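This is what each chain is made of:
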Amino acid sequence: MKYFLQFAVALSLLVSLPVLAMGDATAGQGKAAVCAACHGADGNSVIPNWPKLAGQHAAYLERQLVLVKAGKRQIPEMTGIAMGLSEQDMADISAYFATQVIKAGLADEALVAAGELLYRSGNPDTDIAACMSCHGPAGEGNPLSGYPALAGQHAVYSEKMLKGFRSGQMWGEDDASSRIMTEVAKRLSDDEIKAVANYLQGLHAAE
Ligand code: HEC
Ligand code: HEC
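Residues numbered from 1 in each chain as written. Chains lettered and ligands numbered in written order. Predicted model: local features only at pLDDT ≥ 70, side-chain atom pairs only at ≥ 80, totals over all residues. Heavy atoms only, no water.

### Some words on the pattern of salt bridges
Here is step 1: This structure, assessed with the given rule, holds seven salt bridges.
Here is step 2: K31 is the partner of D89 in a salt bridge, and the nearest nitrogen-oxygen pair spans 2.9 Å. Separated by 58 residues along the polypeptide, D89 in helix 6 (residues 87-99) and K31 in helix 2 (residues 25-31) bring together distant segments of the chain.
Here is step 3: Residue D89 is classed as buried on the basis of its relative accessible area, which comes to 17%.
Here is step 4: Accessibility expressed as a relative area gives 31% for K31, which makes it partly exposed.
Here is step 5: Among the charged side chains, a salt-bridge network with shared partners connects K31, D89 and D92. (Salt bridge = Lys/Arg side-chain N within 4 Å of Asp/Glu carboxyl O. Helix = DSSP H or I, 4+ residues; strand = E, 2+ residues; numbered from the N terminus. Buried < 20%, exposed > 50% of the residue type's maximum accessible area, 1.4 Å probe, protein only.)

Structure representation (structure tokens):
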């Protein structure tokens, strides 16, 4: 039953994800130069407030760019740049970053066990789903369902996102991806967010 439900969720997302342009990673490499100052030339940013994009699924990256350009996801640092991108540019740049390899960071050992437990098993006491059920055992995500990869991401960024989702922040209200995390994050405690974000920072997708 559980598997059937997951399959049904995946299927419904599949149907509702917008059809996006096909990207060309080679063309995208040149176009991504404007992103390098913040996200790194290969998508491995060094400043923790700026997310790593390397290895993220192209469709996920593209969805975010479309939302930023439309003003639905507000990233003041990026609005000007996004306004100048065509649909093809967004597809190409996303394809480029998707081909790059993310470099994981280091996790604070003291928090790893708690973070891993939440990631793998959720919290049955407070009805929090296992993150792994959508984001994959190695944090690789699931491109077909629109679940982003999380492994190796800066803890500061993941923490900020989780607190945002917990407070109800979402974008693209009219599609299926947007409501999922606000529902999952509702009952996360500050300690759980800190622990799981730290765990993700040290997680290597290849393991
Ligand atoms: C001046 C710095 C800056 C530049 C230049 C910039 N970004 Fe960003 N970007 C950010 C910040 C800051 C965030 C995180 C916003 C937040 O906290 O919600 C972000 C978030 C993103 C996200 C969302 C990532 C996720 O995991 O949800 C994508 C995708 C993205 N940027 C792509 C790009 C691309 C592609 C370019 C170049 C065309 C670019 N950015 C240029 C600062 C920048
Ligand atoms: C039912 C599936 C599902 C579960 C379970 C789930 N997530 Fe997510 N998660 C998503 C989706 C879908 C998105 C993208 C939302 C969007 O595009 O607006 C996302 C986005 C995220 C992001 C933002 C990534 C980025 O690059 O900006 C983080 C961080 C995250 N999830 C962490 C978690 C953690 C931690 C858990 C467990 C406590 C969890 N998720 C459980 C589906 C899920």
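### A word on the site of ligand 1
Here is step 1: With respect to spatial proximity, 21 residues lie near ligand 1, and among them C35, C38, H39, M78 and K160 are the closest.
Here is step 2: H39 places a polar side-chain atom, nitrogen or oxygen, 2.8 Å from a nitrogen atom of ligand 1.
Here is step 3: Listed by contribution, the elements that provide at least two residues to the shell around ligand 1 are helix 3 (36-39), helix 4 (58-69), helix 5 (76-83) and helix 9 (155-166).
Here is step 4: In terms of residue count, helix 4 provides more of the shell around ligand 1 than any other element does, four residues in total. (Near = heavy atom within 4 Å. Polar contact = N/O pair within 3.5 Å; in protein donor to acceptor, adjacent residues only side chain to side chain.)

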